[in-house]
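Spelled out from the first residue to the last, the chains are:
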Amino acid sequence: MPLPVILAVDGHEQSLSDIERELDDRYSRSYRVVTVTTADDATVALEGFAEAGEDVAVALVSLTLDLTEATELFRRVRSLHPHAQRGLIIEWRSWGDGQTGDAIRRAMAARDIDFYVIRPAQSPDELFHQAVSAFLLEWANARRVSPHTIQVVGETWSGRAYELRQVLGRCAVPHAFHLADSPDGRARVTESGNGNPLPIVIFPDGTVLTDPTNLELAAATGATVDPQHREFDVIIIGAGPAGLSAAVYGASEGLRTLVVDNGGIGGQATSSSLIRNYLGFPRGVSGRRLAESAYEQAWVFGAKFAFMHDATGIRRDEDRLCVSLSDGGEVSARALILATGATYRRLGVPELEALVGAGVFYGGPVSEAPTTVDEETYVVGGANSAGQAALHLAEYARRVTLVVRAESLDEGMSHYLVRQVEGTPNIDVRLGTEVVGGGAGGDGWLERLVLRSRADGTTETVAAEELFVMIGAHPNTDWLPPELARGEDGFIRTGADVEDGGSWPLERSPLSLETSMPGVFAAGDIRHGSMNRVSSAVGEGSIAIRLVHDLFAAEQLHPPERVQP
Ligand SMILES: Cc1cc2nc3c(=O)[nH]c(=O)nc-3n(C[C@H](O)[C@H](O)[C@H](O)COP(=O)(O)OP(=O)(O)OC[C@H]3O[C@@H](n4cnc5c(N)ncnc54)[C@H](O)[C@@H]3O)c2cc1C
């Protein structure tokens, strides 16, 4: 296999030679470093790599080129090598200069570049290498060539093989999938010893699991523990941003903390390809990366995690709160934090439900997007999450069609996203339209969709290879007892909202995130009136822990007087 290419383009000989030196010194054993001085030469090189089937991992283009030329070149990189990471090389501190700053902001908003890189100075320039390494990691993840990638082999894209891929995704484990009758699939089956019923999961150390349960798979990746001790100070249910934040603060402040999740880490955030509005991440951060770091942070402080466990109910036993789990066990704590967020609404079209995993996907396209290269892709939904998904997919797919029930994008999407969607040439928008049917081709993968106009009821069958469904969410509260007060939308009431509804049983007032069940708090998207943002979920997770401390302190100093039911 030819080495993947790192391409650098800079109009100044000296500057290009500094870049070449740094790239050669550090990466030439694993990558082919190619440097050119003009956009024309770069275009010829890019076309040559594409023709020869050579992969471009990173393209660095300096602002010594004319801005229009650089922008055109980045677009060419994107169309010929969609997995390549694109960095704009600038001079140190030149982002303060109005023109350069504008160029960076515009290029990022139009998704022409992934980020900027400061031209290397003295050697070795670790700041430069930090940027290049980050690009290489993103590229390796998108190309499924990162180390420790787990291989899944199955007979079809959908069904159990898809569920296993989802478990790996939720445990933030890099993985790749192969159909059993593909050349790669056949090779993997042979390597693993023929005869195992499919699907199989092959670990980098050669371990093979045959159709493992979700729990076995999560345990094998090292992502979960069975709660050996059954008593904790605080149990957090849900490992999305709110739950992970509560875990970090709870464990770091000395509370024996258990986090229970029916999947893995990150919740809805893992379906966000690039969270650009989270504090401290100027180049944006993928939901998955944020969740991995938060999980590691909570783990280092001593939080325990029980993944692939459904919380099925809660009850009070004297001064303890008990949570029943889907494995039949029960864990208890002095306080609970509910952080179970929300789940995507289903389309309710039976022929498309049968294709989930085989071209039909619920939620964000982070893990599937890189496989949509050159394909006809549809996104259903009119809110920000659908807009973000369409933009992300447009970097890979030939064409992305956004199917929206409303008559205008402005009805459900932030203005900045509407502008980006409308400004992206390979995104089409079909307003006033619904997806009402579809079907697969001979290979079992999605092949067509049936769209219906809401205005006159006419239907049209269109060719489609991927459908991403993002049509709103409903709260994950069905498992909770009815005594927990909810809003009319089913989300959990907290604080003054509970008191106003008359469902609060004690003389003291509820604490601000406390539910109608004293000692049970709610944080993040599960809460009635929540902000539906990663940052607000994270903020509420930390506040909930502060309130748990307040509750414990108040109970010791002034035991609350319980009102007789
Ligand atoms: C595609 C997409 C893009 C987004 N982009 C952005 C963005 O750019 N910026 C931004 O600020 N926000 C964004 N959001 C919103 C943000 O992700 C959510 O507001 C945030 O994830 C809410 O966090 P949470 O912890 O409250 O709940 P969730 O993230 O929903 O996590 C809840 C967790 O609880 C688990 N769970 C549910 N029921 C149970 C049960 N019974 N037992 C055990 N576990 C259970 C779930 O599996 C899940 O892991 C985006 C959302 C989506 C879907």
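Residues numbered from 1 in each chain as written. Predicted model: local features only at pLDDT ≥ 70, side-chain atom pairs only at ≥ 80, totals over all residues. Heavy atoms only, no water.

Caption draft 1: Spatial organisation of the sheet that holds strand β17 (residues 360-362). Read across the open sheet, the 5 strands follow the order β17-β24-β18-β19-β20; overall the sheet is parallel. In this open sheet, the two edge strands, each paired with only one partner strand, are β17 and β20 (427-430). With strand direction ignored, the average angle separating the axes of adjacent strands in the sheet is 20 degrees. Sheet topology note: the β17/strand β24 (residues 466-469) ladder contains 3 bridges and is parallel. In the strand pairing of β24, Val-360 is matched with Leu-467. Sitting on the sheet, helix α12 (residues 384-394) touches β18 (376-380), β19 (399-403), β20 and β24, and the angle it makes with β18 is about 170 degrees. (Pairing = 2+ DSSP bridges. Helix = DSSP H or I, 4+ residues; strand = E, 2+ residues; numbered from the N terminus. Axes fitted to C-alpha atoms, helices over the stretch in contact; angles between N-to-C directions. Contact = heavy atoms within 4.5 Å.)

Caption draft 2: Local environment of the site of the ligand. In the vicinity of the ligand there are 36 residues, among which Arg-170, Asp-261, Asn-262, Gln-268 and Tyr-344 approach most closely. Taking Asp-261, its side chain carries an N or O atom lying 2.7 Å from an oxygen atom of the ligand. In this structure, Gln-268 approaches the ligand through a side-chain N or O atom, which is 2.7 Å from an oxygen atom. Summarising the interface, the protein chains cover 93% of the accessible area of the ligand, which totals 1,000 Å² for the free molecule. Looking at the shell around the ligand, its residues break down into 14 nonpolar, 17 polar and 5 charged. (Near = heavy atom within 4 Å. Polar contact = N/O pair within 3.5 Å; in protein donor to acceptor, adjacent residues only side chain to side chain. Areas by Shrake-Rupley, 256 points an atom, 1.4 Å probe, with all protein chains shown as cover. Nonpolar A, V, L, I, M, F, W, Y, C, P; charged D, E, K, R; others polar.)

Caption draft 3: Local environment of the pattern of salt bridges. Taken as a whole and judged by the stated rule, the model has 31 salt bridges. One salt bridge connects Glu-292 with Arg-289, and the closest N-O pair in it is separated by 3.9 Å. Here Arg-289 and Glu-292 lie together in helix α10 (residues 287-301), a separation of 3 residues that amounts to about one turn. Taking relative accessible area as the criterion, Glu-292 reaches 22% and is therefore assigned partly exposed. (Salt bridge = Lys/Arg side-chain N within 4 Å of Asp/Glu carboxyl O. Buried < 20%, exposed > 50% of the residue type's maximum accessible area, 1.4 Å probe, protein only.)

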